[in-house]
Amino acid sequence: MMVSPRIEDTFVKVIFGWGILAAMFTSGPVKVNVFVGANSNNEPAAGFGDVNISAILNSFQMGYDKRVRPNYGGQAVTVGVTMFVLSISELSEVGMDFTLDMYFRQFWQDPRLSFERRPGLDKLVVGAEYIKLIWVPDTFFVNEKTAYFHDATTDNQFVRIFHTGDILRSIRLTITASCPMDLQYFPMDSQLCYIEIESFGYTMSDIRYKWNDGLNSVQVSGDVSLPQFKVLGHRQKTIEASLSTGNYSRLACEIQFVRSMGYYLIQIYIPSSLIVVISWVSFWLNRGATPARVGLGVTTVLTMTTLISSTNSALPKISYVKSIDVYLAACFFMVFASLLEYASVGYMAKRIQMRKNRFLAIQKMAEQKKNEALHASNANINDATNLDLGPGLPKQTVSLFCTLG
């Protein structure tokens, strides 16, 4: 009863051993790979052929200190920068800023992250989690107001590590940056906005920035459009900024905007011109039609006042005169002058009527006095005719006195 199980175990072991030997002699040399995890198709998740990618990434952390820059104490790290502008969503005159969405890419070399090149494997593409384990430049935007990273559906950034130790970091950013504007020629103006890139803590002895692709380092998507502006072009600059804490390497990208006149032509210039023409209608009205002329003049003045207020409410409170202010002031002056014209005409007509009435009154008084004098002279003549001139005066003398009188 005890022998049968032992014989069966021995038989199973013999069969299993012969199977292993047959597999070894028929399948050739065996390759052993060490992988971390597997995907849904039961393929290696962290392996590339016979290479253990996880082992390479883990080997980078042996003796690696992300707090220390590459070549510390030696040559400065050269950081190349490129930008691809996806969209420019807003250019605000009130806030003096503009908002753009872009791909921001940085290139630098870290010899500590170099690895042996193998066939088909010259770079490693890792996710955003690995960025926290390596040194990255402390780049910031000098004129930034607000900025945020995109994280739908995951963090929109990646890192590529080349076998030479070259690093590429790409990230999607939305930045609102300050843009001082000169509105002297508004709305026929052009504005120059810029983005400045600099290291926050490393001086030029540690980090130097450059445009990685030369004149093609900054590209703007052809789909970029704004309601009131056209993108005229852009240019790149390399600046050395001298601050109290040292000299810093800085990059600047300037974007030229030209304002479109369509909105202001339709909403401001044409309506204000028509209001001026309407105010001239009062010149063809009878000056005696006081209600019509006064109502028309007051309405046009109030309409121009409202138009000026609504235009300036959408602009910053600046102390100098803008081009549109000159035009609206001229329109308001002509509208107000048409109202003053009626007041002047009414006043002059009243003065003329008063002078005419005074002249008529004086003329009437003169006629009355003349008539009174004539009546008085006629009365004197009649009295003289009836006067007794005496017996010795002939009748011819009396007739002569009557004729002279």
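In the block above lies the structure referred to throughout.
As the structure is a computational prediction, the values presented were derived from the model and not from experiment.

1. Concerning the overall build of the protein
Okay, so step 1: Each helix and strand in the protein was counted, giving six helices and 14 strands.
Okay, so step 2: Of all 405 residues assigned to the protein, the portion counted as buried reaches 30%.
Okay, so step 3: Contacts spanning at least 24 positions in sequence make up 74% of the contacts within the protein whose residues lie at least 6 apart.
Okay, so step 4: Of the accessible surface of the protein, which amounts to about 25,800 Å², a share of 60% is contributed by carbon and sulfur atoms.

2. Structural notes on the state of the cysteines
Okay, so step 1: Evaluated as defined, the whole model comprises one disulfide.
Okay, so step 2: Two residues, Cys179 and Cys193, share a disulfide whose sulfurs are 1.9 Å apart. Here the disulfide of Cys179 and Cys193 is left-handed, its torsion about the S-S bond being about -80°. Remark: Cys193 occurs in strand β10 (residues 190-199) and Cys179 occurs in the loop between β9 (166-178) and β10; sequence separation between them is 14 residues. The same class applies to Cys179 and to Cys193, which are both buried.

3. Comments concerning unusual backbone geometry
Phi is mostly negative for residues that are not glycine, and the peptide bonds are mostly trans.
Okay, so step 1: Looking along the chain, the bond that leaves Ala152 and enters Thr153 is cis, with omega of 0°.
Okay, so step 2: The step from Phe186 to Pro187 runs through a cis peptide bond, and the omega angle for that step is 5°.
Okay, so step 3: With respect to the helices and strands, the residue Pro187 is situated in the loop between β9 and β10.
Okay, so step 4: For Asn71, which is not a glycine, the phi torsion comes out positive at approximately 55°.
Okay, so step 5: By secondary structure assignment, the location of Asn71 is in the loop between α2 (53-60) and β3 (77-92).

4. Describing the nonpolar core
Okay, so step 1: If you look at the biggest cluster of nonpolar residues, it comprises 67 residues, and the most contacted ones within it are Phe60, Val81, Met83, Phe104, Leu124, Ile161 and Ile197.
Okay, so step 2: In contact with Ile161, other than residues within four places in its own chain, are Phe60, Leu113, Phe115, Asp122, Lys123, Leu124, Tyr130, Asp166 and Ile167.

5. Some points on the environment of Thr154
Okay, so step 1: On the secondary structure map, Thr154 appears in the loop between β7 (144-149) and β8 (157-162).
Okay, so step 2: For the pair Thr154 and Gly127, spaced 27 residues apart in sequence, the C-alpha separation works out to 9.6 Å.

6. Side note on the pairing of strand β14 (residues 246-259)
Okay, so step 1: By the criterion of burial, β14 is predominantly enclosed, with 10 of the 14 residues buried.
Okay, so step 2: Bridge analysis of β10 against β14 gives nine bridges, and the strand direction is antiparallel. The partner of Tyr194 across the bridge, within β14, is Glu254.
Okay, so step 3: Pairing of strand β13 (residues 229-243) with β14, which is carried by 14 bridges, proceeds in the antiparallel orientation. Along β14, the bridge assignment pairs Phe229 with Arg259.
Okay, so step 4: The turn linking β13 back onto β14 is made up of two residues.

How each quantity is defined
- Residues numbered from 1 in each chain as written.
- Predicted model: local features only at pLDDT ≥ 70, side-chain atom pairs only at ≥ 80, totals over all residues.
- Heavy atoms only, no water.
- Helix = DSSP H or I, 4+ residues; strand = E, 2+ residues; numbered from the N terminus.
- Buried < 20%, exposed > 50% of the residue type's maximum accessible area, 1.4 Å probe, protein only.
- Contact = heavy atoms within 4.5 Å.
- Areas by Shrake-Rupley, 256 points an atom, 1.4 Å probe, with all protein chains shown as cover.
- Disulfide = S-S within 2.5 Å.
- Core = buried A, V, L, I, M, F, W, Y, C linked by side-chain atoms within 4.5 Å.
- Pairing = 2+ DSSP bridges.

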